[in-house]
Amino acid sequence: DLQGPTDDGSCEALRTPSTCLARKSFLDSSQSYCQLSLSPSSNDGQEFVCSYHDPTFTLLMMLYIAVIVSVITALFLCPVDVIFEILCAPLVDEEKVKAGWTEMG
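Please read these numbers as outputs of a predicted model, since none were measured by experiment. (Residues numbered from 1 in each chain as written. Predicted model: local features only at pLDDT ≥ 70, side-chain atom pairs only at ≥ 80, totals over all residues. Heavy atoms only, no water.)

Visitor: Explain the packing of aromatic side chains residue by residue, including any values.
Guide: By the definition in use, this model includes one aromatic pair. Ring geometry for Y33 versus Y52: centroids 5.2 Å apart, planes at 70 degrees, classification edge-to-face. Pair noted here: Y33 is in the loop between α1 (17-20) and β1 (34-38) and Y52 is in strand β2 (residues 48-52), with a separation of 19 residues, a long-range link. Judged by its relative accessible area of 16%, Y52 is buried. A cation over a ring is seen here: R23 above Y33, with NZ or CZ 3.6 Å from the ring centre. (Phe/Tyr/Trp six-rings, centres within 6.5 Å; stacked < 30°, edge-to-face > 60°. Helix = DSSP H or I, 4+ residues; strand = E, 2+ residues; numbered from the N terminus. Buried < 20%, exposed > 50% of the residue type's maximum accessible area, 1.4 Å probe, protein only. Lys NZ or Arg CZ within 6 Å of the ring centre and 35° of its normal.)

Visitor: Quick one: what's the story with the state of the cysteines, residue by residue and with numbers?
Guide: Covalent bonding between the sulfur atoms of two cysteines is what defines a disulfide. Applying the stated criterion across every chain, the model contains two disulfides. Each sulfur of the disulfide joining C11 and C34 lies 1.9 Å from the other. An S-S torsion of about -80 degrees defines the bridge between C11 and C34 as left-handed. Of the two residues, C11 sits in the segment before α1 while C34 sits in strand β1, which places them 23 residues apart along the sequence. Neither residue differs from the other here; C11 and C34 are each classed as buried. Between C20 and C50 runs a disulfide, and the two sulfur atoms are separated by 2.0 Å. Residues C20 and C50 are joined through a disulfide that is right-handed, its torsion about the S-S bond being 85 degrees. (Disulfide = S-S within 2.5 Å.)

Visitor: Explain the environment of F26 to me, using residue names and the numbers behind them.
Guide: By secondary structure assignment, the location of F26 is in the loop between α1 and β1. Residues F26 and M61, spaced 35 residues apart in sequence, show a C-alpha to C-alpha distance of 9.4 Å.

So, in structure tokens, the structure goes:
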């Protein structure tokens, strides 16, 4: 999962604020994978704990996903359209028009 990866446990091992906030989201570099929070066991209020941060879905992410999906869809549809054009049998009416056949009525 690109945007919402599961917690792999790597955040708890990080001890400094810079290392905790260094890993960023794949689709939005303004969001960190980990977050800093005040440790509940801190007596002086200066001890922080690094923990996993659930990513929030933003408009920028939706735009990136839409572009990626559009490009991948186009890459698959173009060859499929060519294959169908090659394999498509001509219709009888089209052949009649090409041959100059007209219905007398």
